[in-house]
Amino acid sequence: GELAFLRHVLQHRLHLLLGIEQIDLDTVELLGLMGQEGSMPETELVDLLAVFNSPEANDVVNFSLDILPSVLETKRGGGQQVFAVDGYSGIVSSGSLDSLFLSELAYDDEFFEQRFLDNQMLYYAHEAQDRPPPRSYQILVDASASMRGARAVFARGLAIALAKRMTLLGFEATVRFFDSRLYEPMRLRRGRSGLHGNGSLHVAGILAFKGERGRNYARVFSQLASEMERLRERSSVTVYMITHAECHVPIELIRRVRESAELCGVFMLPSRGTLDLEYLPALTLHEVVTDAALRDRSERANRALSIVEQASSKTPKAGSHRVDDDELT
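Here's what I pulled together on the structure shown here. Being a predicted model, the structure only gives us computed values, none of them experimental.

## Describing the overall build of the chain
Then, in step 1: Across its full length, the chain holds 13 helices and ten strands.
Then, in step 2: Put simply, of all contacts in the chain between residues at least 6 apart along the chain, 75% involve residues at least 24 apart.
Then, in step 3: Surface exposure of the chain reaches about 17900 Å², of which carbon and sulfur atoms provide 51%.

What follows is the structure in structure tokens.
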């Protein structure tokens, strides 16, 4: 069997060499930055092959490479713990006896016992990495016909950068597309690479995805609101929707989503036009990207990075934020 395979390769060596020459090295570099492994499911291999044959995907790859180096500089903050691992980082008022602050032993027996009973003793604290509260990020990318060209490039590149930044910060992040329906999320694939061995984002699927339907935003956000209501008791959710200035959604649906999750919007304007949507005051925050910024390479990268930084600065330090009707109105 092996010899037969080698004969087949030799007979078609020219086709094989031409195929290798056509592989886009920028795409390979992006997959390496995102932590893609050498082995992947067959469904992802199909998407990967489509990426190498898609000129539109190459534009998204180049844009992603412009902004990802800055995104990858993210570092998680440190903290303190009482478990006896890593080095000492400070002094706390609770801990184990083997971490007891040495000056505590200078007290006489009676005073030592009284301080111990009153929990007034000092202990060495060990270094630890801060763990953010449970929260997941869903990044919704508009894949309708209104998101062709520069808009699609910006939306997909920003989605990849946002997902990577939130993953580096310790949160779960998924990317989903929508047009007349809300598609299944592209989650982290389990494996050795990625943050804490959780796997790598299905970048090839994001690059190769094509929406085949019209648009029905009312149906999309009705489905999203139902999903958020089911997840309300499990974890806190922040939703980022990346779309255009004509994304009209009934405000009742926006309010339903806001009752269960934070909702942020990134809107791309046409060459002539303004952002005038009824539900803007109900959003947690929104960002506007002008047509001029989309057409200038450096300005486009700077705008995407500013949105990612704004999203990072708004990462919650506690549980989910529930809003009432007065706040929405």
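## Thoughts on the environment of G149
Then, in step 1: Structurally, the position occupied by G149 is in the loop between strand 4 (135–142) and helix 7 (150–168).
Then, in step 2: Sequence spacing of G149 and D59 is 90 residues, and the spatial spacing of their C-alpha atoms is 9.3 Å.

## Digging into the pattern of salt bridges
Then, in step 1: All chains considered together, the criterion is met by seven salt bridges.
Then, in step 2: Across the pair D291 and R295 runs a salt bridge whose closest N-O atoms are separated by 2.9 Å. Of this pair, D291 and R295 both sit in helix 11 (residues 291–295), separated by four residues, roughly a single helical turn.

## Quick notes on the sheet that holds strand 4
Then, in step 1: Spatially, five strands are ordered 5-4-8-9-10 in an open sheet, and the strand pairing comes out parallel. Across the chains shown, the open sheet's two edge strands, defined by having one partner strand only, are strand 5 (172–178) and strand 10 (285–289). Going from strand to strand, the sheet's axes swing by 15° on average, the running direction of each strand aside.
Then, in step 2: With seven bridges joining them, strand 4 and strand 8 (residues 236–244) adopt parallel strand pairing. Residue V141 lies in a different strand from strand 8, and its bridge partner there is I242.
Then, in step 3: The sheet contacts of helix 9 (residues 217–231) involve strand 4, strand 5 and strand 8, and relative to strand 8 the element is tilted by about 170°.
Then, in step 4: Together, strand 8, strand 9 (262–268) and strand 10 form the strand contacts of helix 12 (residues 297–313), whose direction differs from that of strand 10 by roughly 175°.

## Notes on the nonpolar core
Then, in step 1: Within the largest apolar cluster, 55 residues are counted, with the highest numbers of intra-cluster contacts made by F154, L158, L207 and I242.
Then, in step 2: Element by element, the count of residues in this core is highest for helix 7, at ten residues.
Then, in step 3: Once residues within four sequence positions are removed from consideration, I242 is found in contact with I139, L140, V141, D142, M147, A155, L158, A159, V266 and M268.
Then, in step 4: Counting 29 residues, the second-largest nonpolar core is a separate cluster that includes L224, A225, A245 and I251.

## So, the packing of aromatic side chains
Then, in step 1: Taken as a whole and judged by the stated rule, the model has nine aromatic pairs.
Then, in step 2: Seen in terms of ring centroids, F101 and Y124 are 5.3 Å apart; in terms of plane orientation they differ by 65°. Their pairing is edge-to-face. Residue F101 is found in the loop between strand 2 (88–92) and helix 6 (109–117), and its partner Y124 is found in strand 3 (residues 123–129); the two are separated by 23 residues along the sequence.
Then, in step 3: A residue is classified by how much of its surface remains accessible, and F101, at 21% relative accessible area, is partly exposed.
Then, in step 4: Since its relative accessible area comes to 24%, Y124 is described here as partly exposed.
Then, in step 5: Look at F178 and F221: their rings are 6.3 Å apart centre to centre, the planes differ by 75°, and that puts the pair in the edge-to-face class. On the criterion of sequence distance, the pair formed by F178 in strand 5 and F221 in helix 9 is long-range, its members being 43 residues apart. Note on accessibility: F178 and F221 belong to one class, buried.
Then, in step 6: Among the aromatic side chains, those forming a connected cluster through ring pairs are F177, Y183 and F209.

## Observations regarding the packing of helix 7 against helix 12
Then, in step 1: Contact pair helix 7 / helix 12: the axes reach a minimum separation of 10 Å and the direction vectors enclose 35°. Remark: the crossing between helix 7 and helix 12 carries right-handed chirality. Residues V153, F154, L158, A161, L162, R165 and M166 of helix 7 pack against R300, A304, I307, V308, E309, A311 and S312 of helix 12.

## Here's the deal with helix 9
Then, in step 1: The terminal C-alpha atoms of helix 9, which comprises 15 residues, lie 21 Å apart, in line with the 21 Å expected from a rise of 1.5 Å per residue.
Then, in step 2: Among the residues of helix 9, those classed as buried are Y217, V220, F221, L224, A225, E227 and M228. Summarising the axial view, the buried residues of helix 9 lie within an arc of 165°, below the 170-degree limit, and thus occupy one face.
Then, in step 3: Where helix 9 is buried, its residues touch strand 4, strand 5, strand 8 and helix 10 (251–258).

Definitions and cut-offs
- Residues numbered from 1 in each chain as written.
- Predicted model: local features only at pLDDT ≥ 70, side-chain atom pairs only at ≥ 80, totals over all residues.
- Heavy atoms only, no water.
- Helix = DSSP H or I, 4+ residues; strand = E, 2+ residues; numbered from the N terminus.
- Contact = heavy atoms within 4.5 Å.
- Areas by Shrake-Rupley, 256 points an atom, 1.4 Å probe, with all protein chains shown as cover.
- Salt bridge = Lys/Arg side-chain N within 4 Å of Asp/Glu carboxyl O.
- Pairing = 2+ DSSP bridges.
- Axes fitted to C-alpha atoms, helices over the stretch in contact; angles between N-to-C directions.
- Core = buried A, V, L, I, M, F, W, Y, C linked by side-chain atoms within 4.5 Å.
- Buried < 20%, exposed > 50% of the residue type's maximum accessible area, 1.4 Å probe, protein only.
- Phe/Tyr/Trp six-rings, centres within 6.5 Å; stacked < 30°, edge-to-face > 60°.
- Left-handed = near helix turned anticlockwise from the far one by under 90°.
- Expected span 1.5 Å × (residues − 1).
- Arc of directions from axis to C-beta.

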